[in-house]
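Per-entry structural report
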Amino acid sequence: MSATVSHDTYDMEHDHRKLALWIFLASEVIFFAAVITTFVVFRDRSTSGPNPHEVLTLLVPTIMTLVLLTSSITMVMALQAIQGGQRARMWQYLVATAVLGMVFLGLKLSEYNHLISDGITPSTNIFGSVYFLTTGLHAAHVIIGIIWIFAVAAKAVRGGFSATNYLPVEMAGLYWHFVDLIWVAIFMVVYLTDQLRFF
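Just so it is clear, the structure is predicted and the values come from calculations on it, not from any experiment.

A closer look at the overall build of the chain
The helix and strand inventory of the chain stands at six helices and zero strands. Start at the N end of the chain and walk to the C end: the helices and strands fall as α-α-α-α-α-α. Looking at the chain residue by residue over its 199 residues, the buried ones come to 40%. Long-range contacts, defined as pairs at least 24 residues apart, comprise 82% of the intrachain contacts of the chain with a sequence gap of at least 6. Surface exposure of the chain reaches about 10200 Å², of which carbon and sulfur atoms provide 69%.

Given below as structure tokens:
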């Protein structure tokens, strides 16, 4: 009887934690929808300085997109590994995911340096402000995701997860997939749509 109660309590906690995460992610979707909409509304209202199509390119953002999509795959493989009881493999996939996130951030910093050298900063014009706001907020979420994944990986090294106890891995994965999907939206709106308008 006590084992049944304990199992039911664990399931309730499991459901409550996942529900809280889904509510949080839903609020983040609304937040980013507002940010991206702000970018769309204001990006062409600059009266001075370079315009978006003059400084934005597709090469680096496309590579960044491929890196993040690959990191989503490794995150899925990490979850599948622990579900199959493969703790060492899960840890390896978690680290790979975090490293790919760091590669993404490195490419983003490289792009920022390129834009700054071309005269685009948050204070240059309206485009600069909304561009750095949109991509900077996403980069901050990537940093949070990397820290979260490394924390989960550290717990995994200590044997903190099993084939029947992997909720933190699943929750970190949900957050990471959210970060990836937001980037895809940013890529399409900020880079791809802008470039296609001038073909």
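A short note on a nonpolar patch on the surface
Among the surface-exposed residues, Val99, Met102, Val103 and Phe150 lie close enough to one another that they form a single nonpolar patch of about 320 Å² accessible area. No other element matches helix H4 (residues 87–117), which puts three residues into the nonpolar patch. Tracing the sequence through the fold places valine 99 in helix H4.

Topic: helix H5 (residues 126–157)
Along an α-helix, residues three or four apart share an orientation, since each turn contains 3.6 residues. Here H5 spans 47 Å end to end across 32 residues, near enough to the 46 Å set by a 1.5 Å rise per residue. Of the residues that open H5, the one with a side-chain oxygen 3.3 Å from the backbone nitrogen of phenylalanine 127 is asparagine 125. Two residues or fewer after H5 comes glycine 159, characterised by a positive phi angle close to 75°.

Concerning the nonpolar core
Core analysis: the largest hydrophobic core is formed by 50 residues, its most contacted members being Leu56, Met90, Leu94, Phe104, Tyr131 and Trp183. Every element with two or more residues in this core is listed here: helix H1 (2–42), helix H3 (59–83), H4, H5 and helix H6 (167–196). Discounting chain neighbours no more than four positions away, the residues touching phenylalanine 104 are Met64, Val67, Leu68, His138, Val142 and Trp183.

Remarks on the pattern of salt bridges
Tallied over the entire structure, the rule returns two salt bridges. We note a salt bridge from lysine 18 to glutamate 170, for which the minimum N-O separation is 2.8 Å. One end of the pair, lysine 18, is in helix H1; the other, glutamate 170, is in helix H6, and 152 residues separate them in sequence. The salt bridge involving lysine 108 is made with glutamate 111; its shortest N-O contact spans 2.5 Å. Taken as a pair, lysine 108 and glutamate 111 lie in helix H4 at a separation of three residues, close to a single helical turn. The burial state of lysine 108 is the same as that of glutamate 111; both residues are buried.

About the criteria used
- Residues numbered from 1 in each chain as written.
- Predicted model: local features only at pLDDT ≥ 70, side-chain atom pairs only at ≥ 80, totals over all residues.
- Heavy atoms only, no water.
- Helix = DSSP H or I, 4+ residues; strand = E, 2+ residues; numbered from the N terminus.
- Buried < 20%, exposed > 50% of the residue type's maximum accessible area, 1.4 Å probe, protein only.
- Contact = heavy atoms within 4.5 Å.
- Areas by Shrake-Rupley, 256 points an atom, 1.4 Å probe, with all protein chains shown as cover.
- Patch = residues over 30% accessible without salt bridge, like charges linked within 9 Å, V, L, I, M, F, W, Y side chains within 5 Å.
- Salt bridge = Lys/Arg side-chain N within 4 Å of Asp/Glu carboxyl O.
- Expected span 1.5 Å × (residues − 1).
- Polar contact = N/O pair within 3.5 Å; in protein donor to acceptor, adjacent residues only side chain to side chain.
- Core = buried A, V, L, I, M, F, W, Y, C linked by side-chain atoms within 4.5 Å.

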